[in-house]
Amino acid sequence: MSFAARMTRCPRPFEPDPGAEARALFPDLAPELAELVEGAAGCSPYLRALCETEAAWLQAAFEAPEAALDTQAKELCETAPDKVADALRQAKRRVALLVALADLAGVWTLEEVTGRLTAFADLAVGLALRAAIGVELRRGKLPDRGDADLDSAAGMVVLAMGKMGAGELNYSSDIDLICLFDETRFDKDAYHEARSAFVRATRKISATLNDRTAEGYVFRTDLRLRPDPAVTPVCMAMAAAETYYESLGRTWERAAYIKARPCAGDIEAGARFLDTLRPFVWRKHLDFAAIEDAHAMRLRIREHKGLGGRLALEGHDMKLGRGGIREIEFFTQTQQLISGGRDPDLRVRGTVEGLRRLAEKGWVPDEAAELLIRHYRFHREVEHRLQMLRDAQTHSLPASAAEFDRLAAFMDRDRAELKAELRDRLTEVHERIEGFFAPDPAAPAPEPSADLDPEIIARWPSYPALRSSRAVEIFKRLRPEILSKLAKSANPDEALLAFDGFLSGLPAGVQVFSLFEANPQLVDLLVDVAGTSPMLAAYLSRNAGVLDAVIAGDFFAPWPGRAALEAELAARLENEDDYERKLDAARRWRKEWHFRIGVHHLRGLIGADEAGTEYAELAEAVIGALWPVVETQFARKHGAPPGRGAVVLGMGSLGAAKLNATSDLDLIVIYDASGEDASDGRRPLSARSYFARLTQALITALTAPMAEGRLYEVDMRLRPSGNQGPVATGWGAFRAYQQGEAWVWEHLALTRARVIAGPQDLAGDVEAFRRELLGEKGGRERVLEGVADMRRRVAEAKHPAGDWDTKLGPGRMQDIELVSQAGSLMAAAPGRDVASGLDACVAIGWLDDAERDALGQAYGLCWSLLQAARLLSDKPLGPDGFGEGATAFLLRETGLESLDEIRAELRARTDRAAEIIDAALMAKG
């Protein structure tokens, strides 16, 4: 479609005579186009001059504007290096003219306008770089490099920063560039000579683009965004830049790299460099400290530029002033910095796209994002009109009435209408942004008068979390509200002690205190947790990053199930390119979900049974997602798994899909090499050694203490021959052992075995064999003799810790689980949980319905108490360790009225269970 057919608006000529003169240059133009030229030239002296210079080219370009720019780009790429500077200046005039008219006429959207300007900047930088590096190569100043290295600029890359990086260049923008080179492409002895050559090339690029000649200039070029520009060369080694950012990088530099993009030279090397900076830019936890950093930067800019005070339109800076473009960009980038470490979808360069992603992911309200996008577009349109008037890098509104009339005509508006719209939009942006960065402070809560122990409060300033002045300042604002909420809790003394434990365990305070300040509801949650479960509060102090999950939007949503969890973790691991980072990412992810289960249980959103299932599904998801990662890492050195590979079996509580908050994992690994003797990697291993070492790698992946802690403790003692057997068992050996050598207790353990991860065909065979074996080995006399013997051995070896021990002792959990497993084995029942096993006992006539129900009730009470105990404390269950919050939690979980009633009910139910089990083993064996 032609230019004229797409026009939707047209400026009014502010100066009729110059506009008419420009129109006369195009006698054959369609009336709409002639009116456009007249309006543009009648407002802008700069566009009038461009029309005079490029009339013939523009006449042709109107027929197909996009094709005209594409043709020009091709011609530039074919220009001789010594002619590039002049050719780029001519091309810049043409781009400036056509883009301006397309913008004024509404032919191109804002994104198309800024995109065309950015595309030309990319081309100009690339051609300038190619010409400059070509000179150094021809002079032999880049050691061991020749013409073949020209396309990759011999390892040099130019990073486009700011608006150019984001594809958002304004009409008269300068371009911010960082020039780097890959020092690994040069020997140590050649490093200094190569660096000197790249520095010369960078200066040549800047001159090509920046210097004004008779033909004009291409782009004002700024190289000052590089690390410490006062003392560093204009082109730096990547390693030196990386070291700077890791040790000295500041928040504003993190924000700058959101938009960074390799635009010329060795693009792949540039992409690798940006990838190394990913942990610097995108923090692994929600980074609310960035709010204060960004606000301080805003205030410094206002002070430096003299932009404080009330809004006055005359001379107002549309970029840096109140309610201006930079405000919207700061808001967007700060929100991205806060959440982008957790959510890779937010790592986009453009402002509009960033706002939309933030809204889509629930970090910014839809209404706020759309409002800011509308105002951002308008602000950018005003900015372009200001710059089109005289090709000046200005963002200031006119200071005189006459010039305001000119701007209004350029935007096809009246002055009063334009001023009213500007004032409304700037005010609305300012109010929205200021509320985010510097909300009106609420009146500080008074220090509570309740009898909170002053000695405990007095020691807080000595804690590591309050070492820095910045942490002290933030906590000073938080302290009254925290103390007030502690004083109002059900038991203030307990809550204060637990909060003190949390605070004393924090290694640093700025990030966590910033998180609390930006999300006051987290203080409520912390006080709630501290008042009920000191252990969970202590866990929080060691793993404060889990609080990120609370504000991620779906913390209190229904449980998603194993499949969704495993897919989420697999995607998280896929985003990490380093094996250790994957393991740490798994640890962070698991801690968040583990904390979620605990909070849901503590707040009564789920009961003990649901919590047990969720803890188990979480463990299954971790193993399911991590096992392929471990296999892939292992295969890099030793090759793919021989034969059909291996499966991971969950045993014990994991197999039964009921874990508590501190459960370890009972695992068995079974492999089938299918006759293959060894792997085929660069360091092949025999099949037996391969799977033994692969299993050890899995154990290490789960148990190794890393920066983010460990995932789980692992117990492999349920494998054939226990600790004396190999850590991985061959499929044939496993079957032979179970059929000919295994003890009764090992067949009882198989009643709860379940494949957690591994190839489906082998998993199916293992499950089929398990069911077949249960049918073969379930003879009643053999099983009951084995159960009686095992029960006697356990009683001799492990003694209950008292009345409150729910796990050990007659009629308690372990005793009832043994009966349940015996029922499953004798009935060849495939179910793995306690209830299914007890049903099997009834099905074979070993127990009656009333006996089954009594055992089930005893087990249910024991399980509820155990699950609660593991959440509340790391100490054995007992009344002396219960505070008021913990007591209330236990009463809610059991449905009983007092601790004495719980103890009495526990004794009554377990005594009755013990009687039933004794009688069953004596009379019905």
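This is a predicted model, so every value here is computed, not measured.

What counts as what
Residues numbered from 1 in each chain as written. Predicted model: local features only at pLDDT ≥ 70, side-chain atom pairs only at ≥ 80, totals over all residues. Heavy atoms only, no water. Axes fitted to C-alpha atoms, helices over the stretch in contact; angles between N-to-C directions. Helix = DSSP H or I, 4+ residues; strand = E, 2+ residues; numbered from the N terminus. Left-handed = near helix turned anticlockwise from the far one by under 90°. Contact = heavy atoms within 4.5 Å. Nonpolar A, V, L, I, M, F, W, Y, C, P; charged D, E, K, R; others polar. Phe/Tyr/Trp six-rings, centres within 6.5 Å; stacked < 30°, edge-to-face > 60°. Buried < 20%, exposed > 50% of the residue type's maximum accessible area, 1.4 Å probe, protein only. 1 Å grid on protein atoms, 1.4 Å probe; cavity = no way out; pocket = protein on both sides within 12 Å on 5 of 7 lines; lining within 4 Å. Points joined across faces, edges and corners; volume = space filled by probe spheres on them. Parallel < 35°, antiparallel > 145°, perpendicular 65-115°, else oblique. Arc of directions from axis to C-beta. Polar contact = N/O pair within 3.5 Å; in protein donor to acceptor, adjacent residues only side chain to side chain. Salt bridge = Lys/Arg side-chain N within 4 Å of Asp/Glu carboxyl O. Core = buried A, V, L, I, M, F, W, Y, C linked by side-chain atoms within 4.5 Å. Patch = residues over 30% accessible without salt bridge, like charges linked within 9 Å, V, L, I, M, F, W, Y side chains within 5 Å. Areas by Shrake-Rupley, 256 points an atom, 1.4 Å probe, with all protein chains shown as cover. Lys, Arg positive; Asp, Glu negative; His and termini not counted. Charge placed at Lys NZ, Arg CZ, Asp CG, Glu CD. Expected span 1.5 Å × (residues − 1). Bend = angle between axes of the 7 residues up to and from the residue.

Overview of the packing of helix 15 (residues 325–339) against helix 19 (residues 415–437)
Direction vectors running N to C along helix 15 and helix 19 enclose 35°, while the axes themselves pass 10 Å from each other. Judged by the twist between their axes, the crossing of helix 15 over helix 19 is left-handed. Contact residues: Glu327, Ile328, Phe330, Phe331, Thr334, Gln335 and Ile338 in helix 15; Val429, His430, Ile433, Glu434, Phe436 and Phe437 in helix 19. Residues of the contact of helix 15 with helix 19, tallied by class, amount to eight nonpolar, three polar and two charged.

Points about the packing of aromatic side chains
What the rule picks out here adds up to 21 aromatic pairs. Seen from their ring centres, Phe634 and Tyr690 are 4.9 Å apart, and the 85° between their planes marks the pair as edge-to-face. Linking Phe634 in helix 29 (residues 608–638) with Tyr690 in helix 31 (residues 687–703), this pair joins segments that are 56 residues apart in sequence. For Tyr690, a relative accessible area of 0% puts it in the buried group. Note on Tyr671 and Phe691: the rings are 4.5 Å apart at their centroids and 10° apart in plane angle, and the pair reads as stacked. Placement of Tyr671 in strand 7 (residues 665–672) and of Phe691 in helix 31 is noted, with a sequence separation of 20 residues between them. Among the residues examined, Tyr671 registers a relative accessible area of 11% and is labelled buried. Taken together, the aromatic side chains of Trp460, Phe475, Phe499, Phe502, Phe513 and Phe516 make up a single cluster linked through ring pairs.

Brief notes about empty space enclosed by the protein
If a probe the size of a water molecule is rolled over the atoms, the empty space left behind becomes visible. On inspection of all chains with the given rule, the structure shows three cavities of 30 Å³ or more. When its volume is computed, the second largest cavity comes out at roughly 50 Å³. Among the residues making up the lining of the second largest cavity, the classes are represented as four nonpolar, three polar and one charged.

So, the packing of helix 15 against helix 17 (residues 366–390)
It is the contact of helix 15 with helix 17, at a shortest axis distance of 9 Å, that shows an interaxial angle of 140°. Taken together, the axes of helix 15 and helix 17 are oblique relative to one another. In terms of crossing hand, the pair formed by helix 15 and helix 17 is left-handed. Note on element contacts: helix 17 touches helix 15 through Leu372, His375, Tyr376, His379, Arg380 and Glu383, opposite Ile325, Ile328, Glu329 and Phe331. Across the contact of helix 15 with helix 17, the residue classes break down as five nonpolar, two polar and three charged.

Remarks on helix 37 (residues 834–843)
All of the buried residues along helix 37 are Val834, Gly837, Leu838, Ala840 and Cys841. Axial view of helix 37: buried residues confined to an arc of 155°, hence all on one face. Summarising the contacts, the buried residues of helix 37 are in contact with helix 36 (813–827) and helix 38 (849–872). Looking at where helix 37 begins, the residue whose side-chain oxygen comes 3.4 Å from the main-chain nitrogen of Ala835 is Asp833. Within two residues after helix 37, Gly845 carries a phi angle of roughly 80°, on the positive side.

Structural notes on the pattern of salt bridges
Opposite charge on two side chains allows them to pair when their charged atoms are near. In the structure shown here, the tally under the stated rule is 69 salt bridges. Glu54 is the salt-bridge partner of Arg94, the closest N and O atoms lying 2.9 Å from each other. Linking Arg94 in helix 6 (residues 84–104) with Glu54 in the loop between helix 3 (45–53) and helix 4 (55–61), this pair joins segments that are 40 residues apart in sequence. Comparing Arg94 with Glu54, the two get one shared label, buried. Lys163 serves as the salt-bridge partner of Glu329, at 3.1 Å between the closest nitrogen and oxygen. One end of the pair, Glu329, is in helix 15; the other, Lys163, is in helix 8 (residues 162–165), with 166 residues separating them in the sequence. By relative accessible area, which is 11% here, Lys163 ends up buried. Members of the salt-bridge network, linked through shared partners, are Glu15, Arg48, Arg390, Glu403 and Arg406.

Quick look at the nonpolar core
Ranked by size, the top nonpolar core spans 142 residues in total, and within it Trp460, Phe513 and Phe595 carry the most contacts. Per element, the largest residue contribution to this core is 15 residues, and it comes from helix 29. Excluding its chain neighbours within four sequence positions, the residues that come into contact with Phe513 are Ala465, Leu466, Ala471, Ile474, Phe475, Leu478, Leu503 and Leu506.

A look at a positive patch on the surface
A cluster of basic residues, Lys637, Arg682, Arg683 and Arg693, forms a positive patch on the protein surface. As for its position among the elements, Lys637 is in helix 29.

Description of helix 21 (residues 469–488)
A rise of 1.5 Å per residue sets the reference length of helix 21, with its 20 residues, at 28 Å; its end C-alpha atoms lie 29 Å apart and thus fit the reference within 8%. A bend of about 40° at Leu478 is the largest found in helix 21, and the proline Pro480 appears one to four places after it.

Notes on unusual backbone geometry
The backbone of Asp228 sits at a positive phi, close to 40°, despite the residue not being glycine. In this fold, Asp228 is placed in the loop between strand 3 (221–222) and strand 4 (235–237). A positive phi angle is found at Asp412, which is not glycine, with a value near 55°. Given the relative accessible area of 35%, Asp412 is considered partly exposed.

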